[in-house]
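An overview of the molecular structure
Below are the chains, spelled out letter by letter.
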Amino acid sequence: ERALLAITVAVRAIRADPVIRQFVESRRVYAAADTVIHSPTIIATAAELMGLDAADGVQVRFAIRSILSIVTLPPRDPTEERALVEILVCAIHPE
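Residues numbered from 1 in each chain as written. Predicted model: local features only at pLDDT ≥ 70, side-chain atom pairs only at ≥ 80, totals over all residues. Heavy atoms only, no water.

A look at the packing of helix H4 (residues 40-50) against helix H5 (residues 57-72)
The geometry of H4 relative to H5 is characterised by a closest axis approach of 10 Å and an angle of 90 degrees between their N-to-C directions. Taken together, the axes of H4 and H5 are roughly perpendicular relative to one another. Residues Ile42, Ile43, Ala46, Ala47 and Met50 of H4 touch H5, and the partners they reach there are Val60, Arg61, Ala63, Ile64 and Ile67. Here the contact of H4 with H5 is composed, by residue class, of nine nonpolar, no polar and one charged. (Axes fitted to C-alpha atoms, helices over the stretch in contact; angles between N-to-C directions. Helix = DSSP H or I, 4+ residues; strand = E, 2+ residues; numbered from the N terminus. Parallel < 35°, antiparallel > 145°, perpendicular 65-115°, else oblique. Contact = heavy atoms within 4.5 Å. Nonpolar A, V, L, I, M, F, W, Y, C, P; charged D, E, K, R; others polar.)

This is how it looks when you write it as structure tokens:
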């Protein structure tokens, strides 16, 4: 539940911020993706918010990549987005 809420809130916040939204919509986010995905600060923050171990960089970067994908390639149907987030949460918290 914690990861589901964190991801949902993060996606909404990214879309609500006009500067970040413009950055994402311009597709410049792809040029910056490597920096975002490997930023120790972003990894630590994402891990904390989603209840992940920041030392497991592969898992945290997978989550970050997935969130970037949801933001940059949103589904046409909002209910599908919820399903994508739920699938992501199951993948990062399989227990």
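As for the pattern of salt bridges
Close approach of charged atoms allows side chains of opposite charge to pair. One pass over the structure, following the stated rule, counts three salt bridges. Put simply, Glu81 and Arg15 hold a salt bridge, and the shortest N to O gap is 2.8 Å. Taken together, the positions of Glu81 in helix H6 (residues 78-92) and Arg15 in helix H1 (residues 2-16) put the pair 66 residues apart, joining distant regions of the chain. Note on Glu81: relative accessible area 18%, which makes it buried. Across the pair Glu86 and Arg82 runs a salt bridge, and its minimum N-O distance is 2.8 Å. (Salt bridge = Lys/Arg side-chain N within 4 Å of Asp/Glu carboxyl O. Buried < 20%, exposed > 50% of the residue type's maximum accessible area, 1.4 Å probe, protein only.)

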